[in-house]
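Structural overview
Each chain, letter by letter, is given below.
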Amino acid sequence: MVRIHPSILSADFVNLERDLARIATADGVHLDVMDAHFVPNLTFGLPMVQRIAEVTDLPIDVHLMIDDPDTWALQYAIGGVDSVTFHAEATRDAVALARELRARGTRAAIAVKPGTEVDLVAEHLREFDMVLVMTVEPGFGGQSFMPGMMPKLELLRGRARDLGIDVALQVDGGITDDTLPIAAAAGADVFVAGSAVYGHADPAERIAALRAAGGGEAVAAASGDAPAGSLER
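Every value quoted in this text rests on a predicted model; they were computed, and no experiment measured them.

Tallying secondary structure elements over the chain gives nine helices and eight strands in all. Relative to the compact-globule value of 17 Å for 233 residues, the chain shows a C-alpha radius of gyration of 16 Å, a close match. Principal-axis analysis of the C-alpha atoms places the extent of the chain at approximately 40 × 40 × 35 Å. The burial tally for the chain puts 54% of its 233 residues in the buried class. In the chain, 62% of the contacts between residues at least 6 apart in sequence involve partners at least 24 apart. About 9,900 Å² of surface is accessible on the chain, with carbon and sulfur atoms providing 50% of the total. Taking the average place of the 18 positive charges on the side chains of the chain and the average place of its 34 negative ones, the gap between the two points comes to 3 Å.

Put into structure tokens, the structure is as follows:
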């Protein structure tokens, strides 16, 4: 299934509740938390995530681009947050952190920058609900998609098949109608899109177009089930 997670970095922060409503047909909403240390940009922190959780029914996908996630990531395991992603380059013990996030009821995800190999992630793949392969350098929106990251997705998808596990593979950066099929063919199934959604007059139409580009429509969850696009195990 093709799952679309629009990034609010491309939304209007002054009218954020309105812009969350405009992506109601998405499979989740992607929140980029940046600390101006791990990446050279500053966005928002826990209070914003808490408030968004109060005003949207979409599964919340938090991407922590911060130093020392071992200390701070657990604070984001709150109601309404479906998944917390931390960076392999920033953590001291990825497996321990992932286990603690899961113990607190939030799905655990690990991200890798373009220059980071995925061998160690693949070795411990059972410990994660999702792996985010960055297809741009993290920290800024509007960058060009890096097709050279596709072998990482292929390696991870092959490892998941070998282990017989269901792990989500997410890509973030430069996702458009043209690049999404490339990533999907390599094994990705969760796609973060910012300007490709919010840069158009009708975000819902763009979400549908992106799904169609990947050859899959989201399946609405039955009453009482996890929402479409959930990373529920």
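Moving on, there is more to tell.
What follows deals with helix 4 (residues 94–103). Because each turn of an α-helix spans 3.6 residues, side chains separated by three or four positions end up pointing in the same direction. When we look at burial in helix 4, the residues that qualify are Ala94, Val95, Leu97, Ala98 and Leu101. Down the axis, helix 4 shows its buried residues gathered within 165° of arc, on one side only. Relative to its buried face, helix 4 has exposed residues pointing more than 90 degrees away, namely Arg99 and Ala103. Where helix 4 is buried, its residues touch helix 3 (69–72), strand 4 (81–87) and strand 5 (107–112). Looking at the residues trailing helix 4, positive phi occurs at Gly105, about 90°.

According to the stated counting rule, one finds one aromatic pair in the structure shown. A cation over an aromatic ring shows up here: Lys113 above the ring of Phe38, its NZ or CZ 4.4 Å from the ring centre.

When pLDDT is averaged along the chain, the result is 92; 91% of the residues meet or exceed 70. Per-residue pLDDT stays below 50 along residues 218–233; that stretch engages in 30 contacts with residues further than four places along the chain or on separate chains.

What follows is about the nonpolar core. Counting residues in hydrophobic clusters, the biggest one holds 64 residues, and the most contacted among them are Ile8, Leu31, Val62, Leu153, Leu156 and Phe191. The element that contributes the greatest number of residues to this core is helix 6 (residues 150–163), accounting for five residues. Apart from the residues lying within four places of it in its own chain, the contact partners of Val62 are Leu31, Val33, Val49, Tyr76, Val81, Ser83, Val84 and Thr85.

For Ala36, which is not glycine, the phi torsion reads 65° and is therefore positive. Here Ala36 is to be found in the loop between strand 2 (29–34) and helix 2 (46–55). Taking the relative accessible area as the measure of exposure, Ala36 reaches 40% and is therefore partly exposed. Backbone geometry at Asp68 places phi at a positive 55°, although glycine is not the residue there. Tracing the backbone shows Asp68 in the loop between strand 3 (60–65) and helix 3. Using a relative accessible area of 25% as the deciding quantity, one classes Asp68 as partly exposed.

Sheet architecture is open: eight strands sit in the order 1-8-7-6-5-4-3-2, paired in parallel fashion. Edge positions in the sheet fall to strand 1 (3–6) and strand 2, since each has one partner strand and no second. Ignoring strand direction, the axes of neighbouring strands in this sheet form an average angle of 25°. Of the strands in this sheet, strand 4 and strand 5 touch helix 4, which is tilted by about 170° from strand 4. In the packing of helix 6 onto the sheet, contacts are made with strand 6 (130–134) and strand 7 (168–172), and the angle to strand 7 comes to roughly 170°.

The next point concerns the pairing of strand 6. With five of its five residues buried, strand 6 lies for the most part within the structure. Taking every second residue as pointing to the same face, both faces of strand 6 are buried, with Met130, Leu132 and Met134 on one and Val131 and Val133 on the other. Relative to strand 6, strand 5 is paired through four bridges, and the arrangement is parallel. Among the inter-strand pairings, Ala111 is bridged to a residue of strand 6, identified as Leu132. Bridging between strand 6 and strand 7 involves five bridges; their strand directions are parallel. Residue pairing for strand 7: Met134 is matched across the bridge by Asp172.

Reading the values: the criteria
Residues numbered from 1 in each chain as written. Predicted model: local features only at pLDDT ≥ 70, side-chain atom pairs only at ≥ 80, totals over all residues. Heavy atoms only, no water. Helix = DSSP H or I, 4+ residues; strand = E, 2+ residues; numbered from the N terminus. Rg over C-alpha atoms; globule rule 2.2 N^0.38 Å. Buried < 20%, exposed > 50% of the residue type's maximum accessible area, 1.4 Å probe, protein only. Contact = heavy atoms within 4.5 Å. Areas by Shrake-Rupley, 256 points an atom, 1.4 Å probe, with all protein chains shown as cover. Lys, Arg positive; Asp, Glu negative; His and termini not counted. Charge placed at Lys NZ, Arg CZ, Asp CG, Glu CD. Arc of directions from axis to C-beta. Phe/Tyr/Trp six-rings, centres within 6.5 Å; stacked < 30°, edge-to-face > 60°. Lys NZ or Arg CZ within 6 Å of the ring centre and 35° of its normal. pLDDT = per-residue confidence, 0-100. Core = buried A, V, L, I, M, F, W, Y, C linked by side-chain atoms within 4.5 Å. Pairing = 2+ DSSP bridges. Axes fitted to C-alpha atoms, helices over the stretch in contact; angles between N-to-C directions.

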